[in-house]
Amino acid sequence: MWWGRVGAMTEQPALTPAAERVLEVVEKLFYDNGIHAVGVDMIAAEAGVTKKTLYDRFGSKDAIVRLYLERRDVRWRAHVTGVVEQSGRFGPRRRVLLMFDALESWMAAENPRGCAFVNALAELPDPDHPARPAIAGEKQWVLDYLRQLVRDTGARNPRKLAASLFMLFEGATVAASLDVVAGAVAGARDAARQLLDAAL
């Protein structure tokens with residue numbers, strides 16, 4: 001599956017083996033080094049393709065950046081929903097808190113340099129950049145998913161509670177990546193538990 005407009009899922013376009021290899025390579029290059037530090041020459045060399053192939057397949061570096069973020073978002077959403085839903089084993093309140101468990105395991109495995117979307121936003125200040133909808137889409141999805149989970153708990157004022165949980169979630173992401181607060185995600189989960197208890 002593929003993410004088109006913000007929050008919507010569309011079919012993934014068919015990719016040639018060379019194009020797939022490029023996207024696998026940029027996943028690591030962009031995240032590890034930053035988007036601006038990685039040029040088309042480096043991408044072509046690491047992927048073992050020519051610059052002509054890059055432009056033939058993608059059109060521009062900006063398009064590659066957009067696809068990099070969209071594909072990462074697909075993996076992130078699958079990770080979160082896999083942890084939270086777990087074949088319906090948990091009740092609504094526990095499922096909200098599992099969002100923070102999903103964040104913690106993702107941070108440990110995938111996010112040593114912090115949130116890829118926050119990092120990309122810092123590098124792409126132009127609101128018209130083709131990748132900006134992918135950045136906004138990831139954050140909007142987290143908020144929308146929290147709203148859905150909070151509604152299922154029957155909590156009072158679910159939109160306000162979901163917004164508070166979203167701010168805890170995003171704050172924990174940044175704090176954990178900077179290693180400023182020990183156990184930042186666990187601390188945010190404890191705070192989320194208290195907010196839920198107060199609203200139920």
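Residue indices begin from 1 for each chain and proceed along its sequence in written order. Residues qualify for local features only when their pLDDT is at least 70, as the model is predicted, and side-chain atom pairs are given and counted only at 80 or more; totals for whole chains, interfaces and linings, by contrast, use all residues. Side-chain measures were taken over the full set of non-hydrogen atoms in the model, leaving aside hydrogen atoms and water.

### Things to note about the UniProt feature "DNA-binding region" (unreviewed entry) in the chain
Okay, step 1: Look at the UniProt record and you will see "DNA-binding region" (unreviewed entry) annotated at residues 39-58.
Okay, step 2: Elements are defined by DSSP. Helices are runs of H or I of four residues or more, strands are runs of E of two residues or more, and each kind is numbered from the N terminus. Between the C-alpha atoms that bound residues 39-58 the distance is 14 Å, and the span itself is 80% helix and 0% strand. UniProt positions are given in the numbering used here, feature names are shortened, and annotations may be inferred rather than shown by experiment.

### Quick notes on the nonpolar core
Okay, step 1: Judged by nonpolar contacts, the single largest core of 32 residues is most densely connected at Trp76, Val80, Met99 and Val142.
Okay, step 2: Looking at this core element by element, the count peaks at nine residues for helix H5 (residues 92-110).
Okay, step 3: When neighbours within four sequence positions are excluded, Met99 is seen to be in contact with Val80, Val84, Val142, Tyr145, Leu146, Leu149 and Phe169. Take the buried Ala, Val, Leu, Ile, Met, Phe, Trp, Tyr and Cys residues and link them wherever side-chain atoms come within 4.5 Å; each set so joined is a nonpolar core. Exposure is judged per residue with a 1.4 Å probe applied to protein chains only, and the accessible area is read against the type maximum: over 50% gives exposed, under 20% gives buried, and values in between give partly exposed. Contact criterion: two residues are considered in contact whenever any of their non-hydrogen atoms come within 4.5 Å of each other.

### Here's the deal with the domain arrangement of the chain
Okay, step 1: The split into domains, and so the bounds of each, comes from an automatic or database assignment of domains. You can read the domains of the chain as domain 1 (13-59) and domain 2 (65-198).
Okay, step 2: Centre-to-centre separation of domain 1 and domain 2, based on C-alpha positions: 28 Å.
Okay, step 3: Taken residue by residue, the interface counts twelve residues in domain 1 and 16 residues in domain 2.
Okay, step 4: In this description, buried area is defined as the sum, over both parts, of the accessible area (probe of 1.4 Å) that is lost when the two are combined. Between domain 1 and domain 2 the total buried area reaches about 1,300 Å² when both faces are included, carbon and sulfur atoms providing 58% of it.
Okay, step 5: In terms of surface lost to domain 2, no three residues of domain 1 exceed Glu27, Tyr31 and Ile35, which account for 57% of the buried area on that side.
Okay, step 6: Whenever a carboxyl oxygen of Asp or Glu lies within 4 Å of a side-chain nitrogen of Lys or Arg, that contact is scored as a salt bridge. Counting across the interface, domain 1 meets domain 2 through three salt bridges.
Okay, step 7: Its salt-bridge partner being Arg72, residue Glu27 comes within 2.7 Å of it at the nearest N-O pair.
Okay, step 8: We define a polar contact as two N or O atoms separated by no more than 3.5 Å, with the added condition that, inside protein, one atom must be a possible hydrogen donor and the other a possible acceptor, whereas residues neighbouring each other in sequence contribute only through side-chain atom pairs. Seen at the junction of domain 1 and domain 2, the total is eight residue pairs in polar contact (both at pLDDT 80 or more).
Okay, step 9: With seven residues, the top contributor of residues to the side of domain 1 that touches domain 2 is helix H1 (residues 17-33).
Okay, step 10: Classifying every residue of the side of domain 1 that touches domain 2 by side-chain character gives seven nonpolar, two polar and three charged. Amino acids outside the nonpolar list (Ala, Val, Leu, Ile, Met, Phe, Trp, Tyr, Cys, Pro) and the charged list (Asp, Glu, Lys, Arg) are all regarded as polar, and Gly is one of them.

### Re H5
Okay, step 1: For H5, which comprises 19 residues, the first-to-last C-alpha distance of 27 Å matches the rise-based estimate of 27 Å (1.5 Å per residue) to within 8%.
Okay, step 2: Within the sequence span of H5, burial applies to Arg95, Val96, Leu97, Leu98, Met99, Phe100, Ala102, Leu103, Trp106 and Met107. Here a helix's expected span is defined as the number of its residues, less one, multiplied by 1.5 Å.

### Here's the deal with helix H2 (residues 40-47)
Okay, step 1: Looking only at H2, the buried set comprises Val40, Ile43, Ala44 and Ala47. The buried residues of H2 all sit within an arc of 95° when viewed along its axis, so they share a single face. Facing away from the buried side of H2, by more than 90 degrees, are the exposed residues Asp41, Ala45 and Glu46.
Okay, step 2: Of the residues flanking the end of H2, it is Gly48, one or two places downstream, whose phi is positive at about 70°. This arc corresponds to the set of directions leading from the helix axis out to the C-beta atoms.

### As for the environment of Met107
Okay, step 1: Within the secondary structure, Met107 sits in helix H5.
Okay, step 2: Note: C-alpha distance between Met107 and Thr173 (66 residues apart in sequence) is 7.7 Å.

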